[in-house]
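# Structure assessment
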Amino acid sequence: MKSLPYFCRGEVVRGFGRGSKELGIPTANFPDSVVDNLPADISTGIYYGWACVGNGDVYKMVMSIGWNPYYKNTKKSMETHVIHKFKEDFYGQILSVVMVGYIRPERTFDSLEALIVAINNDIEEAKLKLELPEHRKLKEDNFFISAASSSPVSTTTPSTPETIGNGH
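Now for a quick tour of the structure. (Residues numbered from 1 in each chain as written. Predicted model: local features only at pLDDT ≥ 70, side-chain atom pairs only at ≥ 80, totals over all residues. Heavy atoms only, no water.)

So, on to the packing of aromatic side chains. This structure, assessed with the given rule, holds five aromatic pairs. Ring centres of Phe-7 and Phe-143 lie 5.1 Å apart, and the angle between their planes is 65°; this geometry places the pair in the edge-to-face category. Taken together, the positions of Phe-7 in strand S1 (residues 6-11) and Phe-143 in helix H5 (residues 142-145) put the pair 136 residues apart, joining distant regions of the chain. For the pair formed by Phe-7 and Phe-143, the shared burial category is buried. Ring pairs connect the aromatic residues Phe-7, Phe-143 and Phe-144, which therefore count as one cluster. Seen from the ring of Phe-143, Arg-9 lies directly overhead, with NZ or CZ sitting 4.0 Å from the centre. The ring of Tyr-91 is capped by Arg-14, whose NZ or CZ atom sits 3.9 Å from the centre of that ring. (Phe/Tyr/Trp six-rings, centres within 6.5 Å; stacked < 30°, edge-to-face > 60°. Helix = DSSP H or I, 4+ residues; strand = E, 2+ residues; numbered from the N terminus. Buried < 20%, exposed > 50% of the residue type's maximum accessible area, 1.4 Å probe, protein only. Lys NZ or Arg CZ within 6 Å of the ring centre and 35° of its normal.)

Spatial relationships are all this shows, so hold off on functional conclusions.
Here it is, written out as structure tokens:
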């Protein structure tokens, strides 16, 4: 995928309400405006990378992009699980992410338990891959420093710090 690494940011919006409640794996959801601007070569599936909430620290993350076949969604979503325990929800705050690599395609599961096992395996794979030097350096990218002065929704203008894409 030539668009990786892919940088984007947007306001955290309410999702389907399943991440924390059903799965025990909280996710932060991007608004349609961010999902609709994904490059064509970023296919549905599970990705890993780095994430920052507001002006906070940068943490490892996994992201599901797609229709979540287990739940048979009719709307494409981008759901980010930041690998960090937060004290409270952060709806309305700006989430900045860089998608670094691809783990697997999205697929359906025979049970909720099988889905949870797969997600936990994705999290472990992301943790390992993000330790590679070529991925670790993106944690320090200026994109995260510029999060403090960004607009609430990403733009696609190459000259602005909140640009989405691989050239930010």
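And the narrative resumes.
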